[in-house]
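Residue-level listing of the chains:
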Amino acid sequence: MQEKNNDHNLKPFVSIILPCYNEEAILQTSVNNIIKYLESKSHKYRWEILIIDDGSKDKTGEMADEFNSQYDNIRVIHHPVNLNLGRALQTGFRHAKGDIFIVLDIDLSYSIEYIEQMADKLSETYSDIVIASPYMKGGQVIAVPFLRKIMSLWVNKFMRLAAQDKYHTYTGMVRAYRKSFIQTLNLKTKDYEINPEILYKAMILRARIVEIPAHLDWTEQNKYKGKRTSSIRILRGFFSGIMSAFIFRPYIFFLALGTLLMILSMYELIWLLYDTLSTLSQSHGLGSTFSSSLALQFKKNPQSFMVGGITFIAAIQVLSLGFLSLQSKRYFEELFHLGTSFKKI
Ligand SMILES: Nc1nc2c(ncn2[C@@H]2O[C@H](COP(=O)(O)OP(=O)(O)O)[C@@H](O)[C@H]2O)c(=O)[nH]1
Ligand SMILES: [Mg+2]
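Residues numbered from 1 in each chain as written. Chains lettered and ligands numbered in written order. Predicted model: local features only at pLDDT ≥ 70, side-chain atom pairs only at ≥ 80, totals over all residues. Heavy atoms only, no water.

The protein appears in an unreviewed UniProt entry as Glycosyltransferase family 2 protein from Ginsengibacter hankyongi.

Written as C-alpha cells, this is what we have:
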C-alpha cells in the first residue's frame, strides 16, 4: 500500500485539489492565500494546485484559467456541465500528479495550516487517509449556523454508531490521501456522499485512516453571505447523511428494531401465558382445559393477543431483514475486496 521513496532527498509532491462550483466571490482570494502558503513551504514540498471547475455558471472558470496561465503548477479541469462534488473529486483524483492529495474547501473554512499538518501526518503514520476532524476531541466548530451545526454533528454521530465507533468525522471533505491508495479505489457516488463512501470502502480494505483534530471555522465564509450560496443544503444533507450511514452497517438498525419488537411481544405473550396458567390452576377440578382457559383470556383482553401476535410477526420479519442485509453486506465486501485487488495488480 505504501509507495517507497527511494530518494530520501526528494521532497514530497503535494497536489491540492479544489472542487469549485460558482465560487467567483472567493476563488481569487482563496487561491492566492493557498499559493502564498505553499510558497512559504516550498523548502519542504513540491506542489501543484488542481482546480476542478464543475460547470460553474459564473466567472469561476475564467478566473481559474487566469491562474493556470500565470503558474506552471496550477492546472484547471473544466466540467462542461455541473456534475456534482462526487464526480469533481473523482476527476481530481484521476488527474492529480502528486504523491499526496489534499482536498480543500475553497472557502478555507478549514485553515490552510492543515495542508502541512495533514501531509506530515500522512507521512509520519504511513496512513492512506488523514481526516481533518472537527468532531473529535480537540476539534471545534466555530461560527457555523446553529441548525447546520447540530445536524452535521448528529449525522456524524449516527455514522460513528453505524461504523462501530471507528472515527468521528465521516462527512468532511477536507482530507489528505495517499495517491497510490485513492487511485485504486473504485468510487461511484456522484454527490456529497462521496466522503462517507470513501471512508466506508477504505475501511473494507483495512486502509490506515488517521484523524487529526481540526477547527471548522465559518467566520470568513459568513462575510460572503449572499454572494456565495452554500451549495450543500442542510436538510438534504441531513437525510442523505442518515441514509449513507446505512452503508456502514445496515443490519444493526434492523437488528435493533427487531430485538425491541421481540422484547415487546415476549412481554405480552409471557403475561398471557402466565394469566392462562393461573386461571387453569385456580379452576382446577372444574374440568377446565388449557384451551378453555386460553379462550377465557382471549375473551377478557383480546387486544393483548393482537399486540403480542402482531409484534411477534413484525419482530421476526425485521430480524430476517437484518440477517439478509448482513449477508448481502458480506457478499458486497468480499466482491469489493476482490475487485480492488484485481485493479491493483
Ligand atoms: N465541483 C463541485 N464542487 C462543489 C459543488 N458544490 C460544492 N462544491 C464545492 O465544495 C466545497 C464545499 O462547498 P460549500 O458550499 O462550502 O459547502 P459547506 O462548506 O459544506 O457549506 C466548495 O469548495 C464548493 O465550491 C459541486 O456541485 N461541484
Ligand atoms: Mg464550506
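Draft legend 1. Inspection of the overall build of the protein at higher detail. Within the protein, the secondary structure is distributed over 12 helices and 9 strands. Against the 2.2 N^0.38 benchmark of 20 Å for 345 residues, the protein shows a C-alpha radius of gyration of 28 Å, more extended than a compact globule. When the 345 residues of the protein are sorted by exposure, 47% land in the buried category. Taking all contacts inside the protein whose residues are at least 6 apart in sequence as the whole, residues at least 24 apart take part in 80%. Looking at the protein as shown, the accessible area adds up to about 18,400 Å², and 61% of this sits on carbon and sulfur atoms. Across the protein, 40 positive and 32 negative side-chain charges occur, with their mean positions spaced 6 Å apart. (Helix = DSSP H or I, 4+ residues; strand = E, 2+ residues; numbered from the N terminus. Rg over C-alpha atoms; globule rule 2.2 N^0.38 Å. Buried < 20%, exposed > 50% of the residue type's maximum accessible area, 1.4 Å probe, protein only. Contact = heavy atoms within 4.5 Å. Areas by Shrake-Rupley, 256 points an atom, 1.4 Å probe, with all protein chains shown as cover. Lys, Arg positive; Asp, Glu negative; His and termini not counted. Charge placed at Lys NZ, Arg CZ, Asp CG, Glu CD.)

Draft legend 2. Geometry of the sheet that holds strand β2 (residues 46-54). Taken in spatial order, the 7 strands make up an open sheet running β3-β2-β1-β4-β7-β5-β8, and their pairing is mixed. Looking along the sheet, the strands with just one partner apiece sit at the ends: β3 (74-79) and β8 (209-213). When the angles between neighbouring strand axes are averaged without regard to direction, this sheet yields 20°. Bridge count between strand β5 (residues 129-133) and strand β7 (residues 175-178): 3 bridges; the pairing is antiparallel. The residue of β7 that forms the bridge with I131 is R175. (Pairing = 2+ DSSP bridges. Axes fitted to C-alpha atoms, helices over the stretch in contact; angles between N-to-C directions.)

Draft legend 3. Summary view of helix α1 (residues 27-40). Under the 1.5 Å per step criterion, the end-to-end length of α1 is 20 Å for 14 residues, consistent within 8% with the ideal 20 Å. Buried within α1 we find L27, S30, V31, I34, I35, Y37 and L38. Looking straight down α1, one finds that the buried residues subtend no more than 165° of arc, so they occupy a single side. Here the buried face of α1 lies against β1 (13-20), β2, α2 (60-70), β3 and α4 (113-124). (Expected span 1.5 Å × (residues − 1). Arc of directions from axis to C-beta.)

Draft legend 4. Molecular detail of the packing of aromatic side chains. The final tally for this structure, using the stated rule, is 11 aromatic pairs. Taken together, the ring pairs in this structure connect Y167, Y170, Y200, F248, F332 and F336 into an aromatic cluster. Seen from the ring of W154, K157 lies directly overhead, with NZ or CZ sitting 5.7 Å from the centre. (Phe/Tyr/Trp six-rings, centres within 6.5 Å; stacked < 30°, edge-to-face > 60°. Lys NZ or Arg CZ within 6 Å of the ring centre and 35° of its normal.)

Draft legend 5. Fine view of unusual backbone geometry. A positive phi is found at Y126, a non-glycine position, where the angle reads about 50°. With respect to the element layout, Y126 can be found in the loop between α4 and β5. One non-glycine residue, R206, lies in the positive phi region at around 55°. By the element assignment, R206 lies in the loop between α7 (194-204) and β8.

Draft legend 6. Up close: the UniProt feature "transmembrane region" (unreviewed entry) in the protein. The UniProt feature table records "transmembrane region" (unreviewed entry) at residues 251-274 and 305-326. The distance from the first to the last C-alpha atom of residues 251-274 is 33 Å, and the span holds 100% helix and 0% strand. Helix and strand shares over residues 305-326 are 100% and 0% respectively, and the end C-alpha atoms of the span are 31 Å apart. (UniProt positions renumbered as here; feature names shortened; annotations may be inferred.)

Draft legend 7. Spatial organisation of the pattern of salt bridges. Under the definition given, this model contains 7 salt bridges. One salt bridge connects E116 with K41, and the closest N-O pair in it is separated by 2.9 Å. With E116 in helix α4 and K41 in the loop between α1 and β2, this residue pair connects regions lying 75 residues apart in the sequence. The same class applies to E116 as to K41, namely buried. Of the charged contacts, one joins E116 and K44 as a salt bridge, the two residues approaching to 2.5 Å between their closest N and O atoms. In this pair, E116 sits in helix α4 while K44 sits in the loop between α1 and β2, placing the two residues 72 residues apart along the sequence. Judged by relative accessible area, E116 falls into the buried class, the value being 19%. The structure contains a network of salt bridges with shared partners spanning K41, K44, E116 and D120. (Salt bridge = Lys/Arg side-chain N within 4 Å of Asp/Glu carboxyl O.)

Draft legend 8. Region of interest: the pairing of β2. With 8 of 9 residues buried, β2 is to be regarded as a mostly interior element. Direction of pairing for β1 relative to β2: parallel, over a ladder of 8 bridges. Each residue of the ladder has a partner; that of P19, found in β2, is I52. As a crossover connection, the stretch from β1 through α1 into β2 is right-handed. Note on the crossover from β2 through α2 to β3: the handedness is right-handed. (Right-handed = clockwise from strand over helix to strand, strands pointing away.)

Draft legend 9. Region of interest: helix α5 (residues 146-162). Counted at 1.5 Å a residue, the expected span for α5 with its 17 residues is 24 Å, and the 24 Å between its end C-alpha atoms agrees. Looking only at α5, the buried set comprises M151, V155, N156, M159 and A162. Projected onto a plane normal to the axis of α5, the buried residues spread over an arc of 130° and lie on a single side. Phi turns positive, to about 55°, at Q164, one or two residues after α5.

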